Amino acid sequence: MSNNVLHVENITMQFGGVVAVNNLSLDIPEGKIVALIGPNGAGKTTAFNCITGVYEPTNGLVEFMDKPIVRNHPSGKMKKIYKGENADKYLGDVVAMTPDKITSLGISRTFQNIRLWNSMTVFENVLIAKHMRANQNVFSATFRGNAKEEKRMREETMALLVEQGLDKYKDEIATSLPYGLQRRLEIARALACDPKLLLLDEPAAGMNPQETEELAAFIKEIRDKYNLTIFLIEHHMNLVMDISDHIYVIDFGKMIADGTPSEVQNNPVVIDAYLGVTE
Amino acid sequence: MSNTKKRIDRGSLITLCIILLIFVVTVVLENTINANSLLFTVIRKGAVYSLVAVSMNLLNGFTGLFSLGQAGFMLLGAYTYAILTIPNSVRDTIYYLFQGSSFHFSLLDIFQGALGETFGLIVAVILACICAGIVAAFFAFLIGLPVLRLKSDYLAIATLGFAEILRAIFQWEKLGKVTNGANALRGYPTFSDFNIKNSSGMIVFRLSSFVPLLLAGICIAIIVLLINSSYGRAFKAIRDDEVAAEAMGINLAKHKQLSFCISSFFAGVGGALFAMFASTVQAKTFTSAMTYEILLIVVIGGIGSISGSCLASFLYIACSEWWLRFLDNTMYIGGTQVPLLRNGFRMVVFSVIIMIVVLFFRQGIMGSRELPDLFRRKRIKEGKSDE
């Protein structure tokens, strides 16, 4: 019924006594670019990790395409020390999909500190992401019964590299690329998983203003080209304000504001917590 | 992509030629020079150790799982092979301490009865080797369920413990009717049974060093194919960055389990070959020291290099069994005793050599390169070749 690709409801992530993400709820409509901003340590990446299954949130529900991918409530020892809200709302079945399962459903991500496979070439980095959807088993792969499938994977990888302008680096070791290209390769690798929703964790980190501008155009371009919905964490305000359709602001794990870029920019709470006062 | 496709490059071609040459030279030497030369012991044991080292490399070097259970899986393979192939006629004399074996089934008898002496032997040995692998892989699957959740050192300790437990269980008197307790199993087909004999029992053509090379070669070739397949790439992705691998849709539990079982399968086959090499099987030979030997070979050869593991196992076996033998014997030159040469000195020199190798080849002899890479240096810019 909804056109939300991702629906996050009352997510709380508590590590021991520390509440990293507190009762976070958000919706990401199809085809939109949504940003999550907040000061350092606000819990942005933790929220990403809860959505992608790296962490199992203490409480809350995440739905992707109206299907629950994560659902948990405090249990065991956590029941006693739980500091969040809605402790009784998600009792019953626990859903905790592993990251690979969630990726296979169509959520793909990049990392804040680039995580490429550093002993492998650019080509192999993208090719491995194709492994998940390949129709083969270990015997057919070993004895080359999957030649057609392997050929398809290689051709698709090559096509993707050409589209992303990385084809001339295909035999370079991934980590020998310049920083900006490594970022781009990580996005290409994420695209190779055929996602519906792409999560970008600080894609512009370490980029200069010109590169950031190019990145903004690039993000819009891939959204249109691959029919993606994009959810990103970013600190470059110019980039966020430029491309986002909707912005969520969190501080100390709690949502403090949300709205369109202009709404957020003029919200006194946000200015106080994050953007700072301009003189 | 299109210009490099379907062309066997120079490096692979030269490597194939070298391997073929080694095979041919082995057969020729075996039939021309003294068959009792230590060279052939080195070839046989080296071939067996190559296979086990490569299987360990698949796990430690390519999947990044630090496991030390190799000797345990070899033990499983060796016992499976021996129990399945001991002819029924000698079974009771081998198990005499336990009033005969509880197992009256011999692949060798079945196939030699059905297919004739030679062909039956080949089929029985191959089947028994595969069974040895399957038993090892099955135990790996069981032990892998809890143990593969562990990381690095902890996994190593758990698998090492598993291997030690196996060794103890196989020596248990209560299982004597199956494992012959702490006593040796023998009488099963060994490498020397592959020598071709004439009707009066004289050896006319020796193949006893060629057969282990061939069997180990086939197994290693399968592992190489696996490593260069989509699954091999997934293993390497897990090694390089587990978090990224999982985020890109690689099921960690499944792939780790797969790698562990395949590695153990070939360790089991390696154990069967070891049984054929040693011609007796006894649980006390499969100590953790054996695992360390294999680990040493993998590290010296280069973690993540198949050809490195093979090269290192032959060098290692040659050093420990052959080239340094003279250091253990007291020697007199012109009536004076050469200093330092005495029993045990070999191991001192051996350890020093290993230290020197590790100091000068930080990444092992081959690093993460393979043999074909050495011959293809000039072509590296032209495009990536696949094997």
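Parameters and conventions
- Residue positions within a chain follow its written sequence, with the count starting from 1.
- As they are written, the chains are lettered A onward and the ligands numbered 1 onward, keeping that order.
- At least 70 in pLDDT is required for a residue's local features to be given in this predicted model, at least 80 for side-chain atom pairs to be given and counted, and no such filter applies to totals for whole chains, interfaces and linings, which use all residues.
- Note that the side-chain values use all heavy atoms of the structure and ignore hydrogens as well as water.
- By the criteria applied, helices consist of DSSP H or I runs no shorter than four residues and strands consist of E runs no shorter than two, each listed in order from the N terminus.
- Type-normalised accessible area, obtained with a 1.4 Å probe on protein chains alone, sets the label of each residue: buried when under 20%, exposed when over 50%, and partly exposed for intermediate values.
- What makes two residues a contact is simply this: any of their non-hydrogen atoms within 4.5 Å.
- The protein chains shown are the only cover counted for residues, whose accessible areas, like all others here, come from Shrake-Rupley with a 1.4 Å probe.
- Charge counting follows a simple rule: Lys and Arg are positive, Asp and Glu are negative, and His as well as the terminal groups are ignored.
- To locate a charge, take NZ of a lysine, CZ of an arginine, CG of an aspartate or CD of a glutamate.
- For the radius of gyration, the atom set is restricted to C-alpha positions; the globular benchmark scales as 2.2 Å times the number of residues to the power 0.38.
- A helix's residues, less one, multiplied by 1.5 Å, set its expected span.
- Whenever two N or O atoms come within 3.5 Å, that pair is a polar contact, provided that in protein one can donate a hydrogen and the other can accept it, and provided that, for residues adjacent in sequence, both atoms are side-chain atoms.
- Domain segmentation is taken from an automatic or database assignment of domains.
- Accessible-area loss on putting two parts together, using a 1.4 Å probe and summing over both, is the definition of buried area adopted here.
- The term salt bridge refers to a pairing of a side-chain nitrogen on Lys or Arg with a carboxyl oxygen on Asp or Glu at a separation within 4 Å.
- Each residue gets one label: Ala, Val, Leu, Ile, Met, Phe, Trp, Tyr, Cys and Pro are nonpolar, Asp, Glu, Lys and Arg are charged, and the others, such as Gly, are polar.
- Pairing of aromatic rings covers Phe, Tyr and Trp, the last through its six-membered ring, and needs centres within 6.5 Å; plane angles under 30 degrees mean stacked, over 60 mean edge-to-face, and all others mean tilted.
- Two thresholds decide whether a charge sits over a ring: the Lys NZ or Arg CZ must be within 6 Å of the ring centre and within 35 degrees of the ring normal.
- Axis angles are defined between N-to-C directions and span 0 to 180 degrees, where every axis is a line fitted to C-alpha atoms and, for a helix, only to the segment in contact.
- Here a crossing is called left-handed whenever its near helix is offset anticlockwise from the far helix by less than a right angle, and right-handed whenever the offset is clockwise.
- A strand pair is defined by DSSP finding two or more bridges across the two strands.

Undergrad: Describe the overall build of chain B, naming the residues involved and giving the relevant values.
TA: Within chain B, the secondary structure is distributed over 16 helices and six strands. Seen through its C-alpha atoms, chain B measures out along the principal axes to roughly 65 × 60 × 45 Å. For chain B, with 387 residues in total, the buried portion stands at 51%. Sequence separation of 24 or more characterises 72% of the internal contacts of chain B that already satisfy a separation of 6 or more. For chain B, the exposed area adds up to about 17,900 Å²; of that, 67% sits on carbon and sulfur atoms. In chain B, 32 side chains carry a positive charge and 21 a negative one; their mean positions are 4 Å apart.

Undergrad: Before we move on, can you summarise the overall build of chain A with the specific residues and values?
TA: Summing up its helical and strand segments, chain A has 11 helices and 11 strands in all. What you see for chain A is a C-alpha radius of gyration of 20 Å, in line with the 19 Å of a compact globule of 279 residues. Projecting the C-alpha coordinates of chain A onto the three principal axes gives extents of approximately 55 × 50 × 35 Å. By residue count, 55% of the 279 residues in chain A fall in the buried class. Considering only residue pairs separated by 6 or more positions, chain A has 68% of its internal contacts joining residues 24 or more positions apart. Approximately 12,200 Å² of chain A is accessible, and the part contributed by carbon and sulfur atoms is 51%.

Undergrad: Describe helix α14 (residues 306–323) of chain B, listing the residues and the values that go with them.
TA: All names here are of chain B. Spanning 18 residues, α14 covers 24 Å between terminal C-alpha atoms, matching the ideal 26 Å at 1.5 Å per step. With 13 of 18 residues buried, α14 lies mostly within the body of the structure. In this structure serine 305 caps α14, since a side-chain oxygen of it lies 3.0 Å from the backbone nitrogen of glycine 308.

Undergrad: With reference to specific residues and values, describe the domain arrangement of chain A.
TA: Residue and element names in this part refer to chain A. In terms of domain boundaries, chain A breaks down into domain 1 (1–106 + 197–279) and domain 2 (116–194). The centre of domain 1, based on its C-alpha atoms, is set 28 Å off from the matching centre of domain 2. Where domain 1 abuts domain 2, roughly 1,200 Å² becomes buried across the two surfaces, and 65% of that area is made up of carbon and sulfur atoms. There are zero salt bridges connecting domain 1 and domain 2. Where domain 1 meets domain 2, there are four residue pairs in polar contact (both at pLDDT 80 or more). Elements with a contribution of two residues or more to the side of domain 1 that touches domain 2: α3 (99–105), β8 (197–201) and α8 (209–225). In terms of residue count, α8 provides more of the side of domain 1 that touches domain 2 than any other element does, four residues in total. Partitioned by chemical class, the residues of the side of domain 1 that touches domain 2 number 10 nonpolar, four polar and four charged.

Undergrad: Quick one: what's the story with the pattern of salt bridges, residue by residue and with numbers?
TA: Oppositely charged side chains are able to pair whenever their charged atoms sit close together. Residues and elements named next belong to chain A. A full pass over the atoms with the stated rule returns 20 salt bridges over all chains. Aspartate 201 serves as the salt-bridge partner of arginine 109, at 3.9 Å between the closest nitrogen and oxygen. In this pair, arginine 109 sits in strand β7 (residues 107–109) while aspartate 201 sits in strand β8, placing the two residues 92 residues apart along the sequence. Residue arginine 109 is classed as buried on the basis of its relative accessible area, which comes to 3%. Across the pair glutamate 155 and lysine 151 runs a salt bridge, and its minimum N-O distance is 3.5 Å. One end of the pair is glutamate 155 and the other is lysine 151, both in helix α6 (residues 147–163) and four residues apart, which spans about a single turn. According to the relative accessible area criterion, glutamate 155 is partly exposed, its value standing at 41%.

Undergrad: Run through the interface of chain A and chain B, naming residues and quoting values.
TA: Tallying the contact residues gives 34 residues for chain A and 34 residues for chain B. For the pair chain A and chain B, the two sides together bury roughly 3,000 Å², of which 61% comes from carbon and sulfur. Glutamate 150 of chain A is the salt-bridge partner of arginine 233 of chain B, the closest N and O atoms lying 3.0 Å from each other. Here chain A is connected to chain B by 13 residue pairs in polar contact (both at pLDDT 80 or more).

Undergrad: Mind laying out the packing of aromatic side chains, listing which residues take part and the relevant values?
TA: Per the counting criterion, the structure on display carries 14 aromatic pairs over all chains. By the ring-pair criterion, three or more aromatic residues cluster together here, those being Tyr49, Phe274, Phe277 and Phe286 of chain B. Seen from the ring of phenylalanine 123 of chain A, lysine 170 of chain A lies directly overhead, with NZ or CZ sitting 5.5 Å from the centre. Here arginine 189 of chain A stacks its cationic end above the ring of tryptophan 117 of chain A, 4.5 Å away from the centre of that ring.

Undergrad: Could you give an account of the packing of helix α1 (residues 10–32) of chain B against helix α2 (residues 38–62) of chain B, with specific residues and numbers?
TA: Between two packed helices, what matters for the description is the angle formed by their axes and the separation of those axes. All names here are of chain B. Packing of α1 against α2 leaves a shortest axis separation of 11 Å and a crossing angle of 145 degrees. As α1 runs across α2, the sense of the crossing is left-handed. Each of Thr26, Leu29 and Glu30 in α1 lies in contact with α2, whose residues at this interface are Leu39, Phe40, Ile43 and Arg44. Looking at the contact of α1 with α2 residue by residue, the classes come out as four nonpolar, one polar and two charged.

Undergrad: Tell me what's going on with the sheet that holds strand β6 (residues 95–96) of chain A, and back it up with residues and numbers.
TA: Residues and elements named next belong to chain A. One open sheet accounts for five strands, arranged β2-β1-β4-β5-β6; its pairing is antiparallel. The open sheet is flanked by β2 (18–29) and β6, the only strands paired with a single partner. Relative to β2, strand β1 (residues 4–15) runs antiparallel, the two being bridged by eight bridges. Bridge assignment links glutamine 14 to a residue of β2, and that residue is valine 19. Its contacts with the sheet put helix α1 (residues 44–51) on β1, β2, β4 (59–64) and β5 (67–72), and the angle it makes with β1 is roughly 115 degrees.

Undergrad: Tell me what's going on with unusual backbone geometry, and back it up with residues and numbers.
TA: All names here are of chain A. Its identity is not glycine, yet arginine 144 carries a phi of approximately 60 degrees, on the positive side. Looking at the element boundaries, arginine 144 is found in the loop between α5 (138–142) and α6. Judged by relative accessible area, which is 30%, arginine 144 ranks as partly exposed. We note that aspartate 194 has phi near 55 degrees; this positive angle belongs to a residue other than glycine. On the secondary structure map, aspartate 194 appears in the loop between α7 (179–191) and β8.

Undergrad: Can you tell me about the sheet that holds strand β10 (residues 246–251) of chain A, naming the residues and giving the values?
TA: Residues and elements named next belong to chain A. Taken in spatial order, the six strands line up as β7-β8-β9-β3-β10-β11 in an open sheet, and their pairing is mixed. Because the sheet does not close on itself, it has two edges, and the strands there are β7 and β11 (254–259). Neighbouring strand axes in the sheet, compared pairwise and without regard to direction, differ in orientation by 20 degrees on average. Relative to β8, β7 is paired through three bridges, and the arrangement is parallel. Counterpart to arginine 109 in the pairing with β8 is leucine 199. Taken strand by strand, α8 contacts β3 (33–37), β8 and β9 (229–233), and its axis lies near 150 degrees from that of β9. Docked against the sheet, helix α11 (residues 268–275) engages β3, β10 and β11, running at close to 125 degrees with respect to β11.

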